There are 4 protein chains.
Amino acid sequence: MVEKRKRDSASDAKPVGKKRDAERTRLVIIQAAREEFAENGYDGARTDRIAVRTGMSKGVLYHYFNSKDDLFVAVLEDIYLELRSQNEALVLDDFEPEAGIRELIAHTYNYFVNHPEFIVLVNSENLMKSQHLERSQSVRSMFAPLSHRLGELISRGQEQGIFRANVDIIELYISIVGLGYFFLSNRWTLSVVFNRDLLAEGAEEKRLAHMTELVLDYLRNVKPMDGLK
Amino acid sequence: MVEKRKRDSASDAKPVGKKRDAERTRLVIIQAAREEFAENGYDGARTDRIAVRTGMSKGVLYHYFNSKDDLFVAVLEDIYLELRSQNEALVLDDFEPEAGIRELIAHTYNYFVNHPEFIVLVNSENLMKSQHLERSQSVRSMFAPLSHRLGELISRGQEQGIFRANVDIIELYISIVGLGYFFLSNRWTLSVVFNRDLLAEGAEEKRLAHMTELVLDYLRNVKPMDGLK
Amino acid sequence: MVEKRKRDSASDAKPVGKKRDAERTRLVIIQAAREEFAENGYDGARTDRIAVRTGMSKGVLYHYFNSKDDLFVAVLEDIYLELRSQNEALVLDDFEPEAGIRELIAHTYNYFVNHPEFIVLVNSENLMKSQHLERSQSVRSMFAPLSHRLGELISRGQEQGIFRANVDIIELYISIVGLGYFFLSNRWTLSVVFNRDLLAEGAEEKRLAHMTELVLDYLRNVKPMDGLK
Amino acid sequence: MVEKRKRDSASDAKPVGKKRDAERTRLVIIQAAREEFAENGYDGARTDRIAVRTGMSKGVLYHYFNSKDDLFVAVLEDIYLELRSQNEALVLDDFEPEAGIRELIAHTYNYFVNHPEFIVLVNSENLMKSQHLERSQSVRSMFAPLSHRLGELISRGQEQGIFRANVDIIELYISIVGLGYFFLSNRWTLSVVFNRDLLAEGAEEKRLAHMTELVLDYLRNVKPMDGLK
DNA sequence: CATGAATGAGCGTTCATTCAT
DNA sequence: TATGAATGAACGCTCATTCAT
């Protein structure tokens, strides 16, 4: 279920027909940088180590990217693009409403499980108040299509009378993401303060089951008045 | 609703007279360090700036704490202690089950809203896989009492027939925390990818309403079979 | 044969009839400083550690001595005084010339063996070109009496026809000291470059035998012409 | 008689063209470090000042050497290599035994006279119990060849009946080295305690004459029994 | 007198970035 | 274009010394 990183990057969806060595090099650098940033956060990452990971000299980094900041922007764009392309592989239209929600929750969660870098990268960026993403064109509104499709799924459920009314799609989607993201992101401190090993075998699956139930019970909660409003 | 930092720190619950300057200085340093770590994360924080914030020389930091790491441990302990003492102010026993849950959700969420440092500090610590908290004695199992009280609240609701069965208290509590924490922590990147200003007026309250409903609908979801199991 | 350090210091030869606490404190500090300087050299020594060794606060050091430099002067004076008082215990007049030389060599060498601090302290001071000793009154010409007595011993040997003529007393005394001092001071590097463990059991005694023979063979080397010159 | 440092270092025996700047820079750093360590000892040396001496920035030191310790190792290796290569220039086989000894004594002594850094460097290293040299491969047993050649010289002298029997080569060599080394190393304190200016004109030559006589008289001291043993 | 908190210059080291080759 | 030597500001930390209590 987990795809290998090297082949997974959103960037290499681009046509590499002609041997564009420059393009390949860019990708190698982004991969190396992703790993380094993911293991250490933005401030903890070292350009030297990124260079070592690429197997190339440090000057190359600065030839392709002007600065550590620019490189971080590229890494963020790359991983967000990857997440979106994974999301697009999920065609919610094929599912019944409830099954569709289950799929969406599991799909989203599994991406985080399989790409722990995403969480570190995004947390780092939030620490810096999104100053890099703000400069990116390709990421803005990136999740609009997905939330639109989620809206359609909810609508279908509502029409079928199995989903409640008054659902704020974005709040819902943030909940779907957050219930898993927070757990995966904060496992280490949570394990300490609750004295329960959340890194243990089975903990991830247990979380997924709980959050799926939580969200679906919320959605299925059709009140008698709903139809009349 | 937000209390000022200076009076809010868990540490100064102790009677701080004028006698022992040392004790006072320790608190001043922890406060200064909390601010610096909160604004920049662990790696981004600078001991020089912490010293400037204290109004004292840099050497004094090392007179009280042996290293930046030790200081970070002290800051984490202080803020977790503060959170716990705030939690203890909330006597859930006084509430009907549903109202109790509402209180807990709001109380927890408001602490994060009023103490944005908490989120940055804890995210930083998770980036480092809890290596500092691991060394702390005072934080381990710190949230056991609270999850115990939450369990009692749920039990009361179940006895009254208004709450569902089969609730994993810790999973539930992580959801209660995570639904707010994730939103507050990730507002900046979420605002970009959803193209909705989550830092705008009203967004925080909206979030609280949504997550309260989500959790309560889950808990109230009494299935016919529940009583029979 | 080795006396304990604490009772051995030259300083406490002074009359401690009245309970002069100040004087006692001075000695305690000098002892502590001697140990610290001896283990780490001047630059490597830490005033904090000296204070810890005394069991008193750092301020005390600066009350009795104005600076690390002044304290080092006091330590040097103390240990040179100690060496001299040990030398004075050796009454060369009681010995036949050859036995006297043997005694002097062994006595001097054994002091170094039993007081390895002396070597580190003196090497440190030479690294700094004697800038501290230069300020000391009590040490200047301190070894004049001893070299005078050595001269008398040599004269007696010459009169008895068993010692050679033309002996420069100070050169000879420097040789007597240096043959042992150099070995003891440089054992660590010598062990490496010669690949022979000079810190092993027996190495010290072997050295003493060698250097005694060296010096005595030199002195006994009476040439036929000596008497005629 | 004293060669200038720049041409004298053991390291630049290698052909240093203009091609590899790196090699050149390494040597420049080692030279600068040698001077700084020699003037101040290990603890007294400052990496800032070493950088200033190289005319380059401080970071460059760490580009070539990982730490002050590693740099000190390199300096020690360099100067020991230099001493050995000087020693190898002395072909003892060409000399009659006694002349050979004279040459060896003078050669060794003159190296110290012309390279006062050697003494400070080695004293510093002994203060630290040879912890740097221990890590060096190139220095271990470095003086084995020389002591072997000294042994052959002594043997020839013994065969000719002009040198005594029972000579421990390493003890002898340590004496030859130590008689000069100690004088040169400790001139400053010795001048104070003997009240004789050992830094004055002529003092060095006088020392050499004395120590040569001392060693030769020891070696020449053929006892009647020697041949019979 | 004695304490130990506080100072501040300075230490060994790091690191994003530049630039000669 | 690619390399890696070089830069220099800044980092975490130290330490001899001072000073209020």
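Scroll up to find the structure.
It should be emphasised that the depicted structure is a prediction, and the values quoted were computed from it without experimental measurement.

About the criteria used
- Residues numbered from 1 in each chain as written.
- Chains lettered and ligands numbered in written order.
- Predicted model: local features only at pLDDT ≥ 70, side-chain atom pairs only at ≥ 80, totals over all residues.
- Heavy atoms only, no water.
- Helix = DSSP H or I, 4+ residues; strand = E, 2+ residues; numbered from the N terminus.
- Buried < 20%, exposed > 50% of the residue type's maximum accessible area, 1.4 Å probe, protein only.
- Contact = heavy atoms within 4.5 Å.
- Areas by Shrake-Rupley, 256 points an atom, 1.4 Å probe, with all protein chains shown as cover.
- Salt bridge = Lys/Arg side-chain N within 4 Å of Asp/Glu carboxyl O.
- Polar contact = N/O pair within 3.5 Å; in protein donor to acceptor, adjacent residues only side chain to side chain.
- Nonpolar A, V, L, I, M, F, W, Y, C, P; charged D, E, K, R; others polar.
- Axes fitted to C-alpha atoms, helices over the stretch in contact; angles between N-to-C directions.
- Left-handed = near helix turned anticlockwise from the far one by under 90°.
- Near = heavy atom within 4 Å.
- Phe/Tyr/Trp six-rings, centres within 6.5 Å; stacked < 30°, edge-to-face > 60°.
- Lys NZ or Arg CZ within 6 Å of the ring centre and 35° of its normal.
- Least-squares fit on C-alpha atoms with pLDDT ≥ 70 in both.

Draft legend 1. Fine view of the overall build of chain A. Helix and strand counts for chain A come out as 10 helices and 0 strands. Starting at the N terminus, the α and β elements of chain A follow one another as α-α-α-α-α-α-α-α-α-α. For chain A, the residues scored as buried account for 53% of the 229 residues in total. Within chain A, contacts between residues separated by at least 24 positions form 71% of all contacts whose residues are at least 6 apart in sequence. A total accessible area of about 10,300 Å² is found for chain A, and carbon and sulfur atoms account for 52% of it.

Draft legend 2. A look at the pattern of salt bridges. For the structure on display, the rule yields 80 salt bridges over all chains. Between Asp168 of chain B and Arg196 of chain A there is a salt bridge, with the nearest N and O atoms lying 3.5 Å from each other. Taken together, the residues Asp168 of chain B in the loop between helix H8 (144–159) and helix H9 (169–194) and Arg196 of chain A in the loop between helix H9 (169–194) and helix H10 (203–220) connect one chain to another. Residue classification places Asp168 of chain B among the partly exposed residues on the basis of a relative accessible area of 21%. As a salt-bridge pair, Glu204 of chain B and Arg187 of chain B come within 3.0 Å of each other at their nearest N and O atoms.

Draft legend 3. Expanded view of the interface of chain C and chain D. Between chain C and chain D, the residue contacts involve 59 residues of the former and 59 residues of the latter. Lys206 of chain D is the partner of Asp168 of chain C in a salt bridge, and the nearest nitrogen-oxygen pair spans 2.9 Å. The interface formed by chain C and chain D includes 30 residue pairs in polar contact (both at pLDDT 80 or more). Tallying contributions element by element places helix H9 (residues 169–185) of chain C first for the side of chain C that touches chain D, with 13 residues. Considered class by class, the residues forming the side of chain C that touches chain D number 28 nonpolar, 16 polar and 15 charged.

Draft legend 4. Main features of the packing of H9 of chain A against helix H10 (residues 203–220) of chain B. Put simply, H9 of chain A and H10 of chain B touch, their axes get as near as 10 Å, and they point 65° apart. In this structure, the crossing between H9 of chain A and H10 of chain B has a hand that is right-handed. The segment H9 of chain A lies against H10 of chain B, with Glu171, Leu172, Ile174 and Ser175 of chain A engaging Lys206, Arg207, His210 and Leu214 of chain B. For the contact of H9 of chain A with H10 of chain B, the residue count by class is 3 nonpolar, 2 polar and 3 charged.

Draft legend 5. Just the protein's contact with DNA strand F, in detail. Neighbouring DNA strand F are 28 residues; Lys58 of chain B, Arg46 and Lys58 of chain C together with His63 and Tyr64 of chain D lie closest to it. Near the protein, meaning within 4 Å, the atoms of DNA strand F are sugar or phosphate in a fraction of 64%, with bases accounting for the rest. Contacts to DNA strand F include Arg46 of chain B, whose side-chain N or O atom sits 3.1 Å from a phosphate oxygen. A distance of 2.8 Å separates a phosphate oxygen of DNA strand F from a polar side-chain atom of Tyr62 of chain C.

Draft legend 6. The packing of aromatic side chains, seen in detail. Across all of its chains, the model carries 52 aromatic pairs over all chains by this definition. Aromatic rings pair up to connect Tyr80, Tyr111, Phe112, Phe118, Phe143, Tyr173 and Tyr181 of chain A together with Phe182 and Phe194 of chain B into one cluster. Sitting above the plane of the Trp188 of chain B ring, Arg187 of chain B keeps its charged end 5.4 Å from the centroid. Sitting over the ring of Tyr42 of chain C, Lys68 of chain C keeps its end group 4.7 Å from the ring centre.

Draft legend 7. Quick peek at the relation of the copies chain B and chain A. For the pair chain B and chain A, the superposition axis carries a translation of 0.0 Å, the fit reaches an RMSD of 0.2 Å, and the rotation angle comes to 180°. Expressed as an axis order, the relation between the two copies is that of a two-fold axis. An overlap of 100% is found between the interface residues of chain B and their copies at the interface of chain A, pointing to a shared contact surface.

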